[in-house]
Amino acid sequence: MAEKKQFQAESQKLLDLMIHSIYTHKEIFIRELVSNASDATDKLYYKALTENISSIAREDLSIDLMIDKEHRVLSIRDHGIGMTKEELELHLGTIANSGSSAFKTENEHDDIDIIGQFGVGFYSSFMVAKKVEVVTRKFGEESGHIWVSEAIDGYEISPCDVDNNGTVIRLYLKDNTDDDNYDEYLGEYAIQSLIKKYSDYVHYPIKMNMTTYQPIEGSEETQEVIENKTLNSMVPLWKRNKRDISKEDYTEFYKDKFNDFNDPIHTIHTSVEGTVSYDSLLFIPSKPPMDYYSNDYEKGLQLYSRGVFIMDKATDLLPEHFRFVKGLVDSQDLSLNISRELLQQDHQLKFIADKIEKKIQSELEKLLKNQREEYEKFFESFGLQLKFGIYHSYGMLKDKLQDLLLYYSSNQEKMLTLQEYVDAMPENQTEIYFASGESYDKINALPQIEAIKDKGFDILYLIDNVDEFCFQMMRDYKEKAFKNVAQGDLDLQSDEQKEEIEKQVEENKGLLELIKESLQDKVVDVKISTRLKTHPVCLVSSEGVSFEMEKVLSAMPDGNDVKAGRILEINPTHPIFEAMQKVFEMNQEKINDYSSLLYDQALLIEGFSVENPVEFSNKICQLMIDASN
Ligand code: ADP
Ligand code: MG
């Protein structure tokens, strides 16, 4: 009994795109279907090996292409794992956890581009077919099912006799139009060249009957001979000689295999011979996948043993701080029976993982050194991961990662490594200055940075939440401590200047105390500022938790109530200071209001909200009224 079902909404969207696609590379459907066939065969072969099923021989596991010119049908058959009815429904009725799901949130990209650029999966069949049939039988089951769809009005699944396990996809090609000639997918040579182009590395033979013309012995004539030919070379990309692989080969492979529509920023292909031999093919994506910074993202490399696929995400092959890397490892020294649990203890795997970590590290260093622009793109995408690496390891990864970090330099107005910052430090500068805030512009406006800039010292601008926590873990770089410009003492003055300040403090003792008193427990201290130039006041935090850290901590779900100690600093060279002195002498009861106004302004500048906005506003109004009288 057939039941008519609708595609899920997201699937419908993708489907519509496929049907109405004017995309010129419709041919990629073949890559998608072949790679699905290869995946399904992998699954079966792996099962055969691990469960000792002797009836399955690798030689029999071909992928077959069949052309029926008369009915205009192109079919792709595999002898793989097959699908149950439920699986048909789940995998072909919805975009479930397939690579195509990345499509869902990718609206900013031109739809048409998506099709050509990444694995759109099974639905790409509808770029060339008006009707698709999937006949399949799951390995181990007695009979099979047929799934039929003409895309528009959903799909139907019905039981059906199928001789063997595996799947046949039948594409009923669309009618030709003035612009599109679908007959080309019925041409043997066209299909052969598409397979060469897209699926050459597939490690099962892709076979097709091809017509050849052979001379008839003793005659001038030739005769038509049908030959079942293998179309692909079957050498996996990573086993091929690096010199014979073009950048496009790598890119195509990456996009197809890892469902990304962007080119990778960097490709690392290595063959290692030794105690443990392996080939690895690693890619650094240019953009983080949608789910990258969520719990859904699973790191890991694909694992092969002698070209036989073992598992999709061997997590232990990648350290957490390089979890953005995609790729695969193929080693002849691994047992096929290895399970996820065993992997952790496998010392050969540990050995490989170690080497891979070092390789990624050194490649990133090279990229930074030789291809700065590319590296900066990388850092924009994944720099956060490196910072988290240092933070989460409590600084243990500092030595490995610190030279891969980049920060925005206020002097040079570009990204610098810490080494570059230190190299540019004038002799009299002893610490690495940084300022944090929401954006570079906001930091630029902070009163606290003035005095340091004035001295000609560079300041690193930190805008990621993790930045200060990361610096805290690192403590210093090459023995130069990190110093928050809005925290503690800056110690920028000469001895004379210090004396001058001390004098001022002495003379204004009463005023400062009164301000502090009137602000009560809002501040831990009120000081004469040495870091302000043009601004009247600022808030600085005492050593320990800084303001940005306070903001980050209080935004965390478990509501950390850590507060930075607030110190109100007043600029002694600003007219407001003189005004305060006058008020202190003549009209002390006004100090209360003035202090609170100064404090609220400092809060606002620092990006906090004032505690009582109405009172703040009332006080300003009163001032304006007083001034006009
Ligand atoms: P993806 O391959 O990225 O998962 P597809 O849209 O290409 O996405 O395929 C969706 C799912 O359908 C596959 O993950 C697989 O479970 C199933 N599938 C597709 N083709 C086959 C096949 N020939 N044999 C068995 N399962 C298949
Ligand atoms: Mg697929």
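Remember, predicted model here, so these are calculated numbers, not experimental data. (Residues numbered from 1 in each chain as written. Chains lettered and ligands numbered in written order. Predicted model: local features only at pLDDT ≥ 70, side-chain atom pairs only at ≥ 80, totals over all residues. Heavy atoms only, no water.)

1. Some thoughts on the side chain of Asp 600
Looking at the secondary structure, you find Asp 600 in helix H19 (residues 591–605). In contact with Asp 600, other than residues within four places in its own chain, are Val 610 and Phe 616. (Helix = DSSP H or I, 4+ residues; strand = E, 2+ residues; numbered from the N terminus. Contact = heavy atoms within 4.5 Å.)

2. Some thoughts on a negative patch on the surface
On the surface, Asp 495, Glu 496, Glu 499, Glu 500, Glu 502, Glu 506 and Glu 507 cluster together to form a negatively charged patch. Turning to its location among the elements, Glu 500 is positioned in helix H15 (residues 495–507). (Patch = residues over 30% accessible without salt bridge, like charges linked within 9 Å, V, L, I, M, F, W, Y side chains within 5 Å. Areas by Shrake-Rupley, 256 points an atom, 1.4 Å probe, with all protein chains shown as cover. Salt bridge = Lys/Arg side-chain N within 4 Å of Asp/Glu carboxyl O. Lys, Arg positive; Asp, Glu negative; His and termini not counted. Charge placed at Lys NZ, Arg CZ, Asp CG, Glu CD.)

3. Details of the confidence of the model for the chain
Confidence in the prediction of the chain, expressed as mean pLDDT, is 89, and 93% of residues score 70 or more. In this model residues 96–119 is a low-confidence stretch, pLDDT under 50, and it forms 52 contacts with partners more than four residues away in sequence or in other chains. (pLDDT = per-residue confidence, 0-100.)

4. Some details on the domain arrangement of the chain
Domain boundaries assigned for the chain yield domain 1 (3–230), domain 2 (237–376) and domain 3 (495–541 + 563–629). Inter-centroid distance (C-alpha atoms) of domain 2 to domain 3 is 58 Å. (Domains from an automatic or database assignment.)

5. Details of the sheet that holds strand S23 (residues 566–570)
The strand order across the open sheet built from three strands is S21-S23-S22, with neighbouring strands paired in mixed fashion. The sheet is open, and its two borders are formed by strand S21 (525–528) and strand S22 (537–541), each paired with just one other strand. With direction set aside, neighbouring strand axes in the sheet form an average angle of 30°. Of the pairings in the sheet, the one linking S22 to S23 comprises five bridges and is antiparallel in character. Within S23, the position partnered with Leu 539 by the bridge is Leu 568. Where helix H16 (residues 509–519) meets the sheet, its contacts fall on S21 and S23, and the angle it forms with S21 comes to roughly 150°. (Pairing = 2+ DSSP bridges. Axes fitted to C-alpha atoms, helices over the stretch in contact; angles between N-to-C directions.)

6. Quick word on the pairing of strand S8 (residues 206–215)
Residues in a regular strand project their side chains so that they alternate between the two faces of the sheet. Relative to S8, strand S2 (residues 63–68) is paired through three bridges, and the arrangement is parallel. Counterpart to Leu 65 in the pairing with S8 is Met 208.

7. Topic: the nonpolar core
A general feature of soluble globular proteins is that nonpolar side chains tend to end up buried together. Within the largest apolar cluster, 70 residues are counted, with the highest numbers of intra-cluster contacts made by Phe 324, Tyr 375, Phe 378 and Leu 386. Contacts of Phe 324, omitting those with residues within four sequence positions, involve Phe 283, Ile 284, Pro 285, Tyr 292, Tyr 297, Leu 364, Phe 378, Phe 382, Gln 385 and Leu 386. Core analysis: the second largest hydrophobic core is formed by 66 residues, Ala 37, Val 134, Tyr 182 and Tyr 254 among them. (Core = buried A, V, L, I, M, F, W, Y, C linked by side-chain atoms within 4.5 Å. Buried < 20%, exposed > 50% of the residue type's maximum accessible area, 1.4 Å probe, protein only.)

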